[in-house]
Amino acid sequence: MSGERLAAAVGVSDTAFDFDRKYRYLVPTDSHSRALPGVRVIVPFGKGNRKRMGVILFTEVIPAEKAAEYKLISAFADTEPVIKGEQLSLLFLLKDYTLCTYYEAFKTLIPPGLSVNFTRRYRVAQPKPADVISLTAQKLYSEIIAAKSVAEQQRRIEVAFDTEDSDAARELADKGYIESYEDFRRRVKDETVKMVRLTEGYLSSPEAYNVTPKQRLAMEMLQREGTAAIREIEYVCGVTASVVRNMEKNGVAELYEYEVIHTPDVHETVSPDEITLNEDQQRAFDGISSMISAGKADAALLYGVTGSGKTLVFAKLIKYTIDIGRNVLMLVPEISLTPQTVNRFTALFGDTVSVMHSGLPLSVRLNEYKRIKAGGSRIVIGTRSAVFAPLDNIGLIIVDEEGERTYKSESSPRYNAKDIAGQRCITHKGVLLLASATPSIETYYMTQKGRCRLFKLPHRYSESGMPAVDIIDMCGTGRIFSERLVCEVNENLARGEQSILLLNRRGYNTYMVCSDCKEPLVCPNCSVPVTYHKANNRIMCHYCGFSEEMTGVCPKCGSARLRRTGMGTQKLEEELREFFPDARILRMDADTTYSRYAYDKRFTEFGEGKYDIMVGTQMIAKGLDFPNVTLVGVLNADKSLFSGDFRSYERTFSLIAQVVGRSGRGDKCGRALIQTLVPDHYVINLAAMQNYEAFYEQEAAMRKALLYPPFCDICVIGFSSPIEKNAMNGSRVFAALIKESHGKTDKRIPLKMLGPSKCEIERINGKYRYRIILKCRNNSDFREFIGDVRKKAAAMRELSGVSVYIDINGDIGA
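In short, a report on the structure. Nothing here was measured: the structure is a model prediction, and the numbers come from that model.

So, on to the overall build of the protein. When helices and strands are counted, the protein shows 23 helices and 33 strands. Long-range contacts, defined here as pairs at least 24 residues apart, represent 76% of the contacts in the protein between residues at least 6 apart. In the protein, the 110 positive side-chain charges and the 101 negative ones have mean positions that sit 4 Å from each other.

Here it is in C-alpha cells:
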C-alpha cells in the first residue's frame, strides 16, 4: 500500500449516544494483519486521550498524507475477531433498531466471560537508552533492575508512580528507560491443558538426538498418537513430568496449551421416534416441516390451548430440522422454565443440546458459547440473550410463550428477542415458530393479515380435557381463602393430588400505614410503598433494593401503631400452614429461588411428589407440566387489571388462562378456582373459559379505536434526574423539539404525541421520572428522525444532568 495507510472505524466504549459514531483510528504498520472487524482495541479518546476499549467495525484504506489527522490505535486486545459475519450484522442491527451505542451492541452479543479489562503497566525497556538522567532517576533505575524478577520490577515501578519517587519514574518513562504497555485480563480465563507433541526437527532427523530410555517410551507414544497431555504420558508410560520437560529442553518435544471445551453428561435418552402425535399435532407438524424444507425465511404461530402438546410438536420439528442437516434455536421466557425444557430435550437429543441463560456460572456460559461456536451443538435452548448464540445454519427458531414481556430487554440495548429471531431467520432462510396458548395481540393480528401462518391445537393431548373453572366473588368476605377453595384443597390432600396457588405479589405485607399520622411507609428512594418480609424481618423496596430492619415505629411521627395490610406469598404460605397443618408446602418466588440451581431442584422435588401444595408468583404460571396437579387457585386475580398500561388486560388474561392450564394435564380431571373482587369483568370470564379468540376480538377492537399496537407502534422517551424540575423541564424542551423538527422534516412520518407527563411511579432510586409517549410507525425514517432529535437535545442546557432513554414498543405502565 505505497502512499496509503490502513485506518479502522472503531466503536468506542462508554460514549453517550449523542457522541457515538464510527471513530477513525490509524492502524500501526506492523499490525495490519490483526486489524480485523470484531477485534477489540485500546484507543486514545477525547481531548485528554484517555485510553478506552473499542471494537473494530470495519477497515478502510486512506491516503498517506491524511494519516496525520488520525490518532493511532494503542494496542490490540484480541488475536482474532471476537465476533464476525452474522454477529457483526446483528451489531449494526441493534444500533439501528434500538438506538444504542456500537459498544453496547457489541457487549450484548458476547457472554460476560469474554469481557476484557485492561490496566496500564510498566516494564524495563530493552535495550537501555543512552540519554542522561538525573541522579534521583539513576538511583530508582538501579533499584528497579536489581529486583529478582520481572514481576518485582513491575511492582517497584508502580510503587514509584504512587510515592515521592513519581517525578523520577516519569523521567525514566520520558527518557525511555521504562515503557508502558496494556495488560489485558479476561473476566473468565480459558480452561486449558498442557499438551505435548514432537518437534519438526526431531521428526525430520531423529538420529540427531540423544534420548534416554524413558524419553523413548514417551516419544513412541507421541509418534503413535500424534499428541498427548502431560498427565496422559505420565500415566501410560510410567514416567514423571520432568522427563517431558527434558525432552522440551533437548528440542525433541514442544509444549502447547490446548483449550478444553466440556460436553455435558447425558444419563438417559429417549428416541423422538417414540413420540406419537394426534391428528391436530400431525397437521401442524406437516405444515411447519414443509415450511422448513422449503429453505425460505418464513414465520408461523402455533396456537394451542394449555396442555395441547406443543412441546411434542417442537420435539418432532427439532428432529426433522436436525435430520435435514440444519440447527435449531429455542427460546423460553423464564429461567424457571429452562430446567424442565432442557431435561426434556437432552433426554431426546443428548449432548447436542446447549443451554444459555444468565443463571449459569460465567465459566459455564462461556464454555457453552464456545461449544456452539465450534459447532459442537446442534440445538441451543435459553432465555432472551440466547437469541445471539453463535449458531450457524439455523433452520428453525422456536419462541415459546412468545407473548411474554421478558423477551423485551429493559436496559440498553432495548431489543425484543422476537425481532432478532426474525432477522436471523431471514439471514439463514429459516422458519420462526412463535408458540403460545395466549399469543400477543400483535402476533395474532399478523396471522389474521396473512403475514404469519397460523396452526391451531384446539384440544388437549390428554383425555382428561380442559379443567372445570369457577369464579368466586370475594367482595365483602374479608377472607384470604374462600370456603370453596379450602374444601377443594382438602379433597386434593385426601386423594394424594397436588394443588397450585398463584398470588403475584411476594413478601408478607404489601402495604403499611401509621394509624396516628395516616402516612404510609414508603421507600426513601422511590415513590412506592415498601413491602414487609417476615422471613428476615425487614422492609424492602422491590424497585431499588432498599432494605432495613422492621422496627415497628412510624418514621414520620414515631408511633408504634402501624397497620399492616395486603398479602404476599410469605403470608399466604403462613396462612396455608394454619389451614392445612399436615400439608407439605413449597413457596416459589424471587426470595426462595435466588440460588443457582433452586428452580431445577424445587420443581423436580414438586414433580416427584415431595410437596402437596405449591404457592408462588407468576414464575409458576406458565410452561410447567405436573401431571398430578388437579387443582389451581388464583388469588387476587383482578390486581393486574388496573395497572395503567394498555397491555394490562392482555397480561391479566394471559396470566389467569395460563395458570388455570396447569391443572389436569395428566389422566385426572382438573379444576380451577379464580377468586376476584370483579367477578363480572369480561377479561376474567374469558380467561376462565380459555377463550382467547373472543378476547382477541374485543381487545383488538378497543386498541383500534384508541390507536394502540398492533395498529401503530409505541415509542417511550424517558427522562430522569435527582431534581424533579430538571426532569420536567427536560421533557418539555424535548417535546417542543419533536414538534419543531417534525414540522420541518420533508419525510412523511406519522406521529401522535402524548405528554410529557409524570411516570406512573414518579420516583425510582432517587430519580424523578417523566416521559413522552409517541404513537408512530417504527421504520428507518422514524428512527433516524427521533435519533437526530435526541442528538440535538443533548446540546441544550435544559437537558444537562438529565438522563434520556428511548424505548420502542416497550412497557408504558410504570
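Right, let's get into the environment of phenylalanine 606. The topology assignment puts phenylalanine 606 in helix H18 (residues 598-607). Given the relative accessible area of 0%, phenylalanine 606 is considered buried. Counting along the chain gives 522 residues from phenylalanine 606 to lysine 84, while the straight-line C-alpha distance between them is 44 Å. Residues contacting phenylalanine 606, with those up to four places away along its chain left out, are Gln498, Ser499, Ile500, Leu586, Tyr611, Asp612, Ile613, Met614, Phe626 and Val629.

One open sheet holds the six strands; their spatial order is E5-E2-E1-E4-E3-E6, and the pairing between them is mixed. Whereas interior strands pair on both sides, the edge strands pair on one side only; in this sheet they are strand E5 (71-72) and strand E6 (75-76). The sheet contact formed by strand E3 (residues 40-45) and E6 spans two bridges and is antiparallel. Across the sheet, the residue bridging to valine 41 is phenylalanine 76, located in E6.

The full count for this structure, using the stated rule, is 50 salt bridges. Residues arginine 371 and glutamate 368 are paired through a salt bridge, measuring 3.1 Å at the closest nitrogen-oxygen approach. Taken together, the residues arginine 371 and glutamate 368, both in helix H13 (residues 362-373) and three residues apart, mark about one turn of the helix. Judged by its relative accessible area of 3%, arginine 371 falls in the buried class. Ionic pairing is found between glutamate 573 and arginine 577, a salt bridge with its closest N-O pair at 2.8 Å. Here glutamate 573 and its partner arginine 577 are both found in helix H17 (residues 569-579), four residues apart, which amounts to about one turn of the helix. For arginine 577, a relative accessible area of 39% translates into the label partly exposed.

All right, on to the nonpolar core then. Among the nonpolar cores identified, the biggest contains 88 residues, and Val387, Met614, Ile620 and Ile674 are the most heavily contacted of them. With six residues, helix H19 (residues 648-660) is the single largest residue contributor to this core. Residues in contact with isoleucine 674, not counting those within four places in the same chain, are Val469, Asp470, Ile471, Ile472, Val634, Ala637, Ile656, Val660, Ile684 and Ala688. The next biggest cluster of nonpolar side chains, apart from the first, holds 34 residues, and it includes Ile288, Leu302, Leu348 and Leu457.

Turning our eyes to something else, we now look at the side chain of glutamine 690. Note on placement: glutamine 690 falls in the loop between helix H20 (682-688) and helix H21 (692-706). Looking at glutamine 690, its side chain comes within polar contact range of the side chain of threonine 306, at 3.1 Å. Aside from chain neighbours lying at most four places away, what touches glutamine 690 is Thr306, Met466, Ala657, Val660 and Gly661.

Let's shift gears to the packing of H19 against H21. Packing of H19 against H21 leaves a shortest axis separation of 11 Å and a crossing angle of 170°. Of the possible angle classes, the one that applies to H19 and H21 is roughly antiparallel. The segment H19 lies against H21, with Tyr649, Glu650 and Phe653 engaging Tyr692, Phe695, Glu699, Met702 and Arg703. Class assignment of the residues belonging to the contact of H19 with H21 gives a composition of five nonpolar, no polar and three charged.

Helical geometry note: an α-helix holds 3.6 residues per turn, so side chains three or four residues apart project in the same direction. In terms of burial, helix H2 (residues 102-109) is largely enclosed, as six of its eight residues are buried. Buried residues of H2: Tyr102, Tyr103, Ala105, Phe106, Thr108 and Leu109, and no others. Elements in contact with the buried residues of H2: strand E1 (4-12), E3, strand E4 (50-63), helix H1 (86-98) and H13.

Turning to the sheet that holds strand E32 (residues 767-776), a few remarks are in order. Within a sheet, each strand pairs with its neighbour through backbone hydrogen bonds, oriented either parallel or antiparallel. Across the sheet, which stays open at both edges, the four strands sit in the order E31-E32-E30-E33 with antiparallel pairing between neighbours. A single partner strand is all that each edge strand has here, and the edge strands are strand E31 (751-764) and strand E33 (803-808). Between one strand axis and the next, the sheet turns by 20° as a mean value, whatever way the strands run.

Relative to the assigned elements, arginine 587 resides in strand E26 (residues 585-588). Overall, the relative accessible area of 11% leaves arginine 587 in the buried class. A polar contact of 2.9 Å, which involves the side chain of arginine 587, links it to the side chain of aspartate 589. If sequence neighbours within four positions are ignored, arginine 587 has contacts with Thr569, Gln570, Glu573, Thr592, Arg602 and Val615.

Now for the environment of alanine 637. Residue placement: alanine 637 occurs in the loop between strand E28 (629-634) and H19. It is 9.5 Å that separates the C-alpha atoms of alanine 637 and phenylalanine 653, two residues lying 16 residues apart in sequence. In this structure alanine 637 touches Thr652, Ile656, Ile674, Gln675 and Thr676, once residues within four positions along its chain are discounted.

Conventions adopted
- Residues numbered from 1 in each chain as written.
- Predicted model: local features only at pLDDT ≥ 70, side-chain atom pairs only at ≥ 80, totals over all residues.
- Heavy atoms only, no water.
- Helix = DSSP H or I, 4+ residues; strand = E, 2+ residues; numbered from the N terminus.
- Contact = heavy atoms within 4.5 Å.
- Lys, Arg positive; Asp, Glu negative; His and termini not counted.
- Charge placed at Lys NZ, Arg CZ, Asp CG, Glu CD.
- Buried < 20%, exposed > 50% of the residue type's maximum accessible area, 1.4 Å probe, protein only.
- Pairing = 2+ DSSP bridges.
- Salt bridge = Lys/Arg side-chain N within 4 Å of Asp/Glu carboxyl O.
- Core = buried A, V, L, I, M, F, W, Y, C linked by side-chain atoms within 4.5 Å.
- Polar contact = N/O pair within 3.5 Å; in protein donor to acceptor, adjacent residues only side chain to side chain.
- Axes fitted to C-alpha atoms, helices over the stretch in contact; angles between N-to-C directions.
- Parallel < 35°, antiparallel > 145°, perpendicular 65-115°, else oblique.
- Nonpolar A, V, L, I, M, F, W, Y, C, P; charged D, E, K, R; others polar.

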